[in-house]
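So the chains spell out like this:
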Amino acid sequence: MYYAITGTDQEESLEARMSARPEHLKRLEILRDEGRLLLAGPFPAIDSEDPGPTGFTGGLIVAEFPDLASAKTWADQDPYALTGVYASITVTPFKKVLP
C-alpha cells in the first residue's frame, strides 16, 4: 500500500536541509529504483519553483511500504528527521485513484 509522508520544516531550516539533502535524495532514489516511489518533493515557502533564501516549509513523499509501521520507521530514519530539518512528520495511508 502507498503511504503519504509529510514533513513540516523547522523555522530557519534551509541550511540544515541543504546539508542533509544528498543523503535524503539517496534514500528516495532507492525507493524509486525499487519501483516503490510514486512522487516526492518539497513545499516552497513562496509561490516559486526556486524559493531562494526563503526556503521550504516541508515536503511530501508518497511511496509503497508493507504497512504503516514500516512507513513510519522509514520516515523516522530520513536524514531530514535525524538532523532536525523536520519539526514534525505525519504518515498516513494513501490510495492512488488517478491517473
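This text goes with the structure placed above it.
Reference entry: report on the structure contained in this document.

How each quantity is defined
Residues numbered from 1 in each chain as written. Predicted model: local features only at pLDDT ≥ 70, side-chain atom pairs only at ≥ 80, totals over all residues. Heavy atoms only, no water. Helix = DSSP H or I, 4+ residues; strand = E, 2+ residues; numbered from the N terminus. Buried < 20%, exposed > 50% of the residue type's maximum accessible area, 1.4 Å probe, protein only. Contact = heavy atoms within 4.5 Å. Salt bridge = Lys/Arg side-chain N within 4 Å of Asp/Glu carboxyl O. Polar contact = N/O pair within 3.5 Å; in protein donor to acceptor, adjacent residues only side chain to side chain. Phe/Tyr/Trp six-rings, centres within 6.5 Å; stacked < 30°, edge-to-face > 60°. Lys NZ or Arg CZ within 6 Å of the ring centre and 35° of its normal. Expected span 1.5 Å × (residues − 1). Bend = angle between axes of the 7 residues up to and from the residue.

A few points about the side chain of D9
- Summarising the element assignment, D9 is placed in strand 1 (residues 2-9).
- Judged by its relative accessible area of 10%, D9 falls in the buried class.
- Apart from the residues lying within four places of it in its own chain, the contact partners of D9 are R17, F56, T57, G58, V85, Y86 and A87.

Here's the deal with the pattern of salt bridges
- Within the structure shown, the criterion is met by five salt bridges.
- Measuring nitrogen to oxygen at the nearest pair gives 2.6 Å for the salt bridge that ties R36 to E34.
- We classify E34 as partly exposed; its relative accessible area is 47%.

Digging into the side chain of R17
- Considering the arrangement of structural elements, one finds R17 in helix 1 (residues 14-33).
- A polar side-chain atom of R17 sits 3.3 Å from the main-chain carbonyl oxygen of G58.
- In this structure R17 touches D9, P42, F56, G58, G59, Y80, V85 and Y86, once residues within four positions along its chain are discounted.

Considering the packing of aromatic side chains
- For the coordinates displayed, the defined rule picks out two aromatic pairs.
- Summarising the aromatic geometry, the rings of F65 and W74 are spaced 5.7 Å apart at their centres and angled 50° between planes, so their arrangement reads as tilted. Comparing F65 with W74, the two get one shared label, buried.
- For the pair Y80 and Y86, a centre-to-centre distance of 5.5 Å together with 90° between the ring planes defines the contact as edge-to-face. In terms of burial, Y80 and Y86 fall into one category: buried.
- Over the aromatic face of W74 sits the side chain of R27, whose NZ or CZ is 4.0 Å from the ring centroid.
- In this structure, R36 packs its charged tip against the face of F65, placed 4.9 Å from the ring centre.

Brief notes about helix 1
- Over its 20 residues, helix 1 runs 27 Å from end to end, which matches the ideal 28 Å to within 8%, given 1.5 Å per residue.
- R21 marks where helix 1 bends most, by close to 50°; the proline P22 follows one to four residues later.
- Residues of helix 1 that are buried include every one of R17, A20, H24, R27, L28 and L31, and no others.
- Packing partners of the buried residues in helix 1 comprise strand 1, strand 2 (37-44), strand 3 (56-64), helix 2 (68-76), helix 3 (79-82) and strand 4 (86-94).
- Immediately downstream of helix 1, the backbone of G35 shows phi near 75°, a positive value.

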